[in-house]
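Residue-level structural notes
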Amino acid sequence: MSETPKDRYGFETRMIHAGSQPEPVTGARQTPIFQNIGYVFYDTDHAASLFNLQTFGFIYSRLTNPTVAALEERLASLEGGRGATCCASGHAAQILAFFPLMEPGDEFIASNRLYGGSITQFGKTFRKFDWRCSFVDVDEPENVRRALTPRTKAIFTESIANPGGVISDLEALSAIAREAGIPLIVDNTMATPYLCPAFQWGADLIVHSTTKFLSGNGTSQGGCVIDSGTFDWAQNDKFPALAAPEEAYHGLVFAETFGDMAYTTHSHAVGLRDLGSTMAPMNAFQTLLGIETLSLRMARHCDNALGVASFLEQHEQVAWVSYAGLESSPYRALAAKYMPKGAGSVFTFGVKGGYEAGIKVVESCDLLSHLANLGDARSLVLHPASTTHRQLTDEQRIAAGAGPDVIRLSIGLETLDDITADLEQALKRAAS
Ligand SMILES: *Cc1c(COP(=O)(O)O)cnc(C)c1O
């Protein structure tokens, strides 16, 4: 992923061209789906140098695949990072992101307003690796500073939190991380690089569920970890996987040998090698196609979401609307600073009548699909308390912005009047 003239192109040009060249043998202009596992070695010396990480190249598709590599280069370029590692899902990306940083018994600090699945993954499943997460309210960055211990290895937050439309103060969190000598990891799924350039605001690592807005059409599960390349892994003794000798590679020190590509090289050569959560080439292809129209879709998603949020805010059966793009939102100023092009298209509102009314609205929608995904071209509706946030305690649900009356919307690309008309009739049916 060396610097090419393409890195100097604008965002929209890189959405289409980064990582993609005409295929040299056939001239095929679209990136082919390399549905292939093994790659022929020139000779045994070539094979040995590949296995020793002395030469970059393709060995076996669990580690690297040309279609997946094209997507990695495109995402690294769009985020303005140094390198990227794609994997099977957003949740796989979160394991992969922490894997080079954490030893058993280590800790990290995360926002208590994450995607419900991330709270379960960090709070329960990570415990099995003895990776310990403390959840804090990051609206008050001092909470994060107070939760730091000598074993804290990272701070994790979402740029726009799913589902509450809450915006993190990235600059403040980054300052605390920098002082502690640990990276700030930002889940940029809801914002995408089009809305929020998280590295410019001090993130060191970015994770994505590419399943959502990046692929954009609800066909392909995927995740990605992107490294800014600017964090110094050898500045302290907190990161031995990157800054101390690695036995499996004859004592190689990733930070010394690979410099600003240390983290990404480790994620492929050790992370994907042993965790095995590889992205399928077909999914990489679908995601590359989706990204070609990212800016157009995100602008439209944001316009429609603001239209729907304004409609709901006026509606007599709606108790409140939590969308950072509204003047009434307490996150309006943070949204204007970190995502001036729009506050995304996933947000929540409260329906009068609580749990029962919430279920009725969701079941009464015709155009909006009742399902657990987001970032689709289609508008989607969900009642988190009875679905995605079901496994949390009441207290965790309320902290995560998923109380009993909460309805989550992911506003799609349809005609705005059709979306609001569907919600209007669903609210009417719920009230009768
Ligand atoms: C969906 C989602 C995830 C998990 O991604 P999967 O692809 O479903 O594994 C993580 N973070 C956020 C913000 C998400 O929306």
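Here is a short report on the structure shown in this document. (Residues numbered from 1 in each chain as written. Predicted model: local features only at pLDDT ≥ 70, side-chain atom pairs only at ≥ 80, totals over all residues. Heavy atoms only, no water.)

**Some details on the packing of helix α13 (residues 294–313) against helix α17 (residues 416–431)**
Formally: Note on definitions: angles span 0 to 180 degrees between N-to-C directions of axes, and those axes are lines fitted to C-alpha atoms, for helices only across the stretch in contact. Counting from the N terminus, the helices are DSSP H or I runs at least four residues long and the strands are E runs at least two residues long. Note: crossing handedness is left-handed where the near helix turns anticlockwise from the far helix by less than a right angle, and right-handed where it turns clockwise. A contact between two residues is defined here by any heavy atoms of the two lying within 4.5 Å. Residues are grouped as follows: nonpolar covers Ala, Val, Leu, Ile, Met, Phe, Trp, Tyr, Cys and Pro; charged covers Asp, Glu, Lys and Arg; every other residue, Gly included, is treated as polar.
Their axes nearest at 10 Å, the elements α13 and α17 cross at an angle of 30°. Where α13 crosses over α17, the handedness of that crossing is right-handed. Contacts between α13 and α17 involve Asn304, Gly307, Val308, Phe311 and Leu312 from the former and Leu416, Ile419, Thr420, Leu423, Glu424 and Leu427 from the latter. Its residues assigned to classes, the contact of α13 with α17 comprises seven nonpolar, three polar and one charged.

**Details of the pattern of salt bridges**
Going by this rule: Salt bridge, as used here, is a side-chain nitrogen of Lys or Arg placed within 4 Å of a carboxyl oxygen of Asp or Glu. Burial here depends on accessible area, computed with a 1.4 Å probe over protein chains only, as a share of the maximum for the residue type. Under 20% is buried, over 50% is exposed, and the range in between is partly exposed.
By the definition in use, this model includes 15 salt bridges. Asp260 is the salt-bridge partner of Arg82, the closest N and O atoms lying 2.9 Å from each other. Placement of the pair is Arg82 in the loop between α3 (66–79) and β1 (83–87) and Asp260 in the loop between α10 (254–258) and α11 (262–275), with a sequence separation of 178 residues. Two residues, Asp130 and Arg132, come together in a salt bridge whose shortest N-O distance is 2.8 Å. Look at Asp130 and you get partly exposed, because its relative accessible area is 25%. Salt bridges sharing partners connect three or more residues here, namely Asp106, Arg151 and Lys153.

**Some details on the sheet that holds strand β10 (residues 318–322)**
Heads up, the condition is: Here the rule is simple: two strands pair whenever DSSP picks up at least two bridges between them.
Taken in spatial order, the five strands line up as β10-β11-β14-β13-β12 in an open sheet, and their pairing is mixed. Of all strands in the sheet, those bounded by a partner on one side alone are β10 and β12 (369–370). As judged from the two bridges shared by β12 and strand β13 (residues 380–382), these two strands associate in the parallel manner. The partner of Ser369 across the bridge, within β13, is Leu380. Lying over the sheet, helix α15 (residues 354–364) contacts β11 (346–351), β12, β13 and β14 (406–410), oriented at roughly 125° with respect to β11.

**Focus on the pairing of β14**
Along β14, five of the five residues are buried, which leaves the element largely enclosed by surrounding structure. Side chains of β14 alternate between two faces, with Val406, Arg408 and Ser410 and Ile407 and Leu409 buried alike. For β11 and β14, the ladder comprises five bridges, and the chain directions are antiparallel. Paired with Phe349 across the bridge in β14 is Ile407. Note: β13 against β14, three bridges, orientation antiparallel. What sits directly across from Leu380, in β14, is Ser410.

**A look at the sheet that holds strand β4 (residues 152–158)**
What the seven strands build is an open sheet, ordered β1-β9-β8-β7-β4-β2-β3; its pairing is mixed. At either end of the open sheet lies a strand with only one pairing partner, and these are β1 and β3 (132–136). Across this sheet, the average inter-strand angle for adjacent strands is 20°, counted without regard to direction.

**Concerning the nonpolar core**
The following threshold applies: Residue types Ala, Val, Leu, Ile, Met, Phe, Trp, Tyr and Cys, when buried and joined through side-chain atoms within 4.5 Å, form a set referred to as a nonpolar core. All the domain ranges listed were derived from an automatic or database domain assignment.
By size, the foremost hydrophobic cluster in this structure holds 119 residues, and its most contacted members are Phe98, Phe108, Phe347 and Leu409. The biggest single contributor to this core is α13, with seven residues. Shared between two domains, this core takes at least three residues from each, and those domains are domain 1 (11–290) and domain 2 (295–431). Not counting residues up to four positions away in its chain, the partners in contact with Phe98 are Phe108, Phe122, Phe126, Trp131, Ala154, Phe156 and Ile185.

**Remarks on the state of the cysteines**
The condition that has to hold: Sulfur atoms of two cysteines make up a disulfide when they are within 2.5 Å.
Within the structure shown, the criterion is met by zero disulfides. Between Cys302, a free cysteine, and Cys196, which holds the nearest cysteine sulfur, the sulfur-to-sulfur gap is 12 Å. Relative accessible area serves as the criterion here: at 4%, Cys302 is assigned to the buried category.

**Re the environment of Ala399**
Secondary-structure assignment places Ala399 in helix α16 (residues 394–399). Judged by relative accessible area, which is 31%, Ala399 ranks as partly exposed. Considering only alpha carbons, one finds Ala399 and Val136, 263 residues apart in sequence, at a separation of 9.9 Å. If near-sequence neighbours (up to four positions away) are discounted, Ala399 is found in contact with Asn112 and Arg113.

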